[in-house]
Amino acid sequence: MDKRSEKSSVSVEMAPMEGITTAVFRRVYTKWFKGIDRMYTPFLVANSTHRFKTREKREIEICSQDLVPQIMTNNAQHFIWAALELQKAGFGEVNLNAGCPSATVTTKKKGAGMLEDIRAFRAFLDEIFLAKESGSFPEISVKTRVGVSSYLEAEDIADLYSRYPFSRVIVHPRIRDDFYKNEPNREAFGIFYDRIPHETLVFNGDLRTPEDVRKIREAFPEISGIMIGRGLLADLFLPERIRRGDDAAGDLSPDGEKEILSGFLEELYDEYERGLSESAAIAKMKDLWNFMAVSFPDNKKQIKAISKSGNVREYKAAVVNCLRTYS
Ligand SMILES: Cc1cc2nc3c(=O)[nH]c(=O)nc-3n(C[C@H](O)[C@H](O)[C@H](O)COP(=O)(O)O)c2cc1C
């Protein structure tokens, strides 16, 4: 294997981010940027209504090989309903959310809250995998944290996942109580690395540069993928840089990058504005800029102008100003 293909052999996956990596974002992003192998929808709630909300339906309107819908529920029958519904829509895999740390979710024992009661979680998994064995069913993957309030929980959780034929186990090695504090815990990821088939294992958490990815792959050489969220939003060229294993995005000059970035931001705004009011479209762009801002440390004034812009004219002028010094 030559050096280049060895570098790119890991699958590079876009993390689901509620409100940010929407269908509109994913469509426009993949038109302008390269390097992403798989994407996940932000979570879709499966509940007793056995119906997705209109906003959720938009997420799954366009079915593609590289898109995996994510389901949030702790009820096996609701999960099975959603999985079959998504299979009918053409999806070959569904992803279970066992990682969301938000209190509104975990107090209902969903998301990372599922990890609190291993017996209940096991009963849930038994039921959904039984359904999978019994008939036509999509592949099941999971995106998980490694515990709720202690890293000592990681072993039991990894043991539990190792009993089931998940197509992918995406591990964000933080506990729920850490939210996004502290560093992802490599030791905890190691516990999963020891127990979960490597061809299904994906690392997620705080990967912001090709160097971060290189270090993770050095520590865990056989993982099948890496998932990037905030790092991708901060540097939209990151997947391409990771593929190349260096800091340069393809053969692009800073001017070339700037052109792509401007084109992308313009089209994303226009696409949002087609379905939303002007102020809602601007709000969507500001949400994105909140994550992009770290890449413009010397442009505090320009970033502030973006966040204060009250109409499209002000917003677009502030963006042009901010990108003027892009290098
Ligand atoms: C605003 C926001 C929304 C998120 N929405 C979801 C979601 O819908 N489903 C999910 O599994 N994770 C969600 N996450 C978690 C990310 O997918 C990811 O696991 C986390 O940000 C850590 O990865 P990163 O350091 O690469 O960003 C969200 C995170 C943020 C910051």
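Structural data are supplied above this passage.
In this report, the structure presented in the accompanying data block is examined. (Residues numbered from 1 in each chain as written. Predicted model: local features only at pLDDT ≥ 70, side-chain atom pairs only at ≥ 80, totals over all residues. Heavy atoms only, no water.)

What the rule picks out here adds up to 21 aromatic pairs. Each ring, one from F121 and one from F124, has its centre 6.3 Å from the other, and the planes form 35°; the classification is tilted. You can see F121 and its partner F124 sitting in helix 6 (residues 118-134), 3 residues apart, about one turn around the helix. Taken individually, F121 and F124 each receive the classification buried, so the pair is uniform in this respect. (Phe/Tyr/Trp six-rings, centres within 6.5 Å; stacked < 30°, edge-to-face > 60°. Helix = DSSP H or I, 4+ residues; strand = E, 2+ residues; numbered from the N terminus. Buried < 20%, exposed > 50% of the residue type's maximum accessible area, 1.4 Å probe, protein only.)

The biggest cluster of nonpolar side chains holds 94 residues, and the ones touching the most others in it are F25, L125, Y161 and W289. Two domains each donate at least three residues to this core, and these are domain 1 (3-244) and domain 2 (254-323). Membership of the second largest hydrophobic core comes to 6 residues, among which are A15, Y40, V202 and M227. (Core = buried A, V, L, I, M, F, W, Y, C linked by side-chain atoms within 4.5 Å. Domains from an automatic or database assignment.)

Before going further, it helps to spend a moment on the pairing of strand 10 (residues 225-228). The alternating pattern of strand 10 places G225 and M227 and I226 and I228 on opposite faces, both of which are buried. Bridge analysis of strand 1 (residues 11-14) against strand 10 gives 4 bridges, and the strand direction is parallel. Paired with E13 across the bridge in strand 10 is M227. Sheet topology note: the strand 9 (residues 201-204)/strand 10 ladder contains 3 bridges and is parallel. In the strand pairing of strand 10, N204 is matched with M227. Taking the sense of rotation as the criterion, the β-α-β connection linking strand 9, helix 9 (residues 210-219) and strand 10 turns out right-handed. (Pairing = 2+ DSSP bridges. Right-handed = clockwise from strand over helix to strand, strands pointing away.)

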